[in-house]
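# Coordinate analysis (summary)
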Amino acid sequence: MAEAGEKTSSEAVPSEGFEFYAPERFTPEQMKERLASLENVLAGRRSVRHFSPNPVPMDVLESAIRIASSAPSGAHKQPWTFCIVTDPKLKASIREAAEREELISYTSRMSERWLADIKFTGTDHVKPFIEEAPALIIVFKRLYELDDQPAPTKAPNYYVPESVGIATGFLLVALQQAGLAALTHTPSPMNFLGKLLGRPENERAFLNIPVGWPASDAEVPIIRRKSMAEVMVKYPGSEEE
Ligand SMILES: Cc1cc2nc3c(=O)[nH]c(=O)nc-3n(C[C@H](O)[C@H](O)[C@H](O)COP(=O)(O)O)c2cc1C
C-alpha cells in the first residue's frame, strides 16, 4: 500500500530516457520447470555436418535472427550483420573458396595437436554441407561503424567479439527451438566470405552457420559433456552452505 502522499506505481513517472521494467516473476518451482523445458530442447542440440536439402522457411530464419539481434552488446552497438545465403551458385562459390582454405589449413596451418584434437569429428577439408544445407547464415562482426556526419569518420564499436559471440549463441538457441540443425563452421581465414558477399570494409566474417534438417542418415560423433563439478565452482563451497 502506498503511504499518504506517496505516488502509486500507476502514477509514477520513469526518469527521462528510461522506462519501468518489471518482468513477470516465477516461483522456484516454475523456474525449475521452465529451465527443465529449455534444457530438454538444448540437450538435443548437436553440430550437424550432413543436411537434407529441404528448404527452411525464410520467415523462420528471420525470426531466429531477430532473436539473435536482441542480444546484449557493448554500448548497445549491436555490432553484427547476419547474411542468409540460399542461392545455390553462391553456396557453390563459398564451398569452393572454403575448401581451398581448409586444404591449406589441414595440410599446413593446423598443428599436429590440433588435428589430433578434432580427429573425433571425422572432418577433413571437403565440406559438402556448405552446398547441401538449404541455408547458410554467415555472421559478420562490425569492427566499427562508418558515420557520414558531420564528416566521414569511423565510430567505434565495443567488445565486438564478445557481443557477436553472445548474439550467435542466441541464434543457435533459436534455431534449436525451431527444431533446426546447425553447424558453427570456421573456415579460417574467412576473408573470402566478405569478398564473395560484397560486405563493406568495416565487416569481418565471424562464423558460417549452415542450417537445415539433418539428412536421414546423418551421424554425429559420440561425445561426453563436462560434469557440473568440472565447470562450476561455488563460493562459499558446498561444505559451508
Ligand atoms: C567457435 C567454434 C568453431 C567451430 N568450428 C568448426 C569447424 O570449422 N568445423 C566443424 O566441423 N565443426 C566446428 N565446430 C563444431 C565443434 O566441433 C562442436 O561444437 C563440438 O565438437 C561439440 O559438438 P556439438 O556441437 O555436437 O555439441 C566449431 C564450434 C565452435 C563453437
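Residues numbered from 1 in each chain as written. Predicted model: local features only at pLDDT ≥ 70, side-chain atom pairs only at ≥ 80, totals over all residues.

What follows deals with the overall build of the chain. When its secondary structure is counted, the chain shows eight helices and six strands. Beginning at the N terminus, the succession of helices and strands in the chain can be written as α-α-β-α-α-α-β-β-β-α-β-α-β-α. Relative to its length of 241 residues, the chain is extended, with a C-alpha radius of gyration of 22 Å against a globular reference of 18 Å. The principal-axis extent of the C-alpha atoms belonging to the chain is close to 75 × 60 × 35 Å. By residue count, 23% of the 241 residues in the chain fall in the buried class. Taking contacts inside the chain between residues at least 6 apart in sequence as the whole, the part at least 24 apart equals 81%. (Helix = DSSP H or I, 4+ residues; strand = E, 2+ residues; numbered from the N terminus. Rg over C-alpha atoms; globule rule 2.2 N^0.38 Å. Buried ≥ 20, exposed ≤ 12 C-beta atoms within 10 Å, placed from the backbone. Contact = placed C-beta atoms within 7 Å.)

So, about unusual backbone geometry. In this structure, P150 follows Q149 across a cis peptide bond, with omega equal to -5 degrees. Residue placement: P150 occurs in the loop between β3 (144–147) and β4 (153–156). Residues S188 and P189 are joined by a peptide bond in cis, for which omega reads -5 degrees. With respect to the helices, strands and loops of the structure, P189 is situated in the loop between β5 (181–182) and α7 (191–196). Look at Q78: it is not a glycine, yet its phi comes out positive at around 45 degrees. Mapping Q78 onto the fold places it in the loop between α2 (58–68) and β1 (80–85). Phi at Y159 takes a positive value of approximately 45 degrees, unusual for a residue other than glycine. You can see Y159 is positioned in the loop between β4 and α6 (160–177).

Another point: the site of the ligand. Around the ligand, the structure places R46, S47, R49, T121, T123, L183, T184, H185, T186, V220 and I223. Each residue belonging to the shell around the ligand can be placed in one class, and the counts come to three nonpolar, six polar and two charged. (Near = placed C-beta within 6 Å. Nonpolar A, V, L, I, M, F, W, Y, C, P; charged D, E, K, R; others polar.)

A few words now on the pairing of strand β6 (residues 203–212). Of all ten residues in β6, nine are buried; the element is thus mostly enclosed. As defined by bridge partners, strand β2 (residues 135–142) adjoins β6 across eight bridges and the pair is classed as antiparallel. Across the sheet, F140 pairs through a bridge with A205, a residue of β6. With two bridges connecting them, β5 and β6 associate as antiparallel partners. Note that in β6 the partner of A181 across the bridge is G212. (Pairing = 2+ DSSP bridges.)

Strand order in the open sheet formed by four strands is β1-β2-β6-β5, with antiparallel pairing between adjacent strands. The open sheet has two free edges, formed respectively by β1 and β5, since each of these has just one partner strand. Lying on the sheet, α2 is in contact with β1, β2 and β6; it crosses β1 at an angle near 165 degrees. Of the strands in this sheet, β1, β2, β5 and β6 are in contact with α6, which crosses β2 at around 160 degrees. (Axes fitted to C-alpha atoms, helices over the stretch in contact; angles between N-to-C directions.)

A separate point is the packing of α2 against α6. Contact geometry for α2 and α6: axes closest at 7 Å, N-to-C directions at 145 degrees. Considering how the two elements wind past one another, α2 and α6 form a crossing that is right-handed. Contacts between α2 and α6 pair S63, A64, I65, I67 and A68 from the former with A167, T168, F170, L171, A174 and L175 from the latter. Of the residues that constitute the contact of α2 with α6, the class distribution is nine nonpolar, two polar and no charged. (Left-handed = near helix turned anticlockwise from the far one by under 90°.)

The next point concerns the environment of L197. For L197, the location among the structural elements is in the loop between α7 and β6. Since 18 C-beta atoms lie within 10 Å of it, L197 is described here as partly exposed.

Our next topic: α6. Compared with the 26 Å implied by 1.5 Å per residue over 18 residues, the 26 Å span of α6 between its first and last C-alpha is a close match. Close packing links the buried residues of α6 with α2, β1, β2, β5 and β6. Of the residues flanking the end of α6, it is G179, one or two places downstream, whose phi is positive at about 80 degrees. (Expected span 1.5 Å × (residues − 1).)

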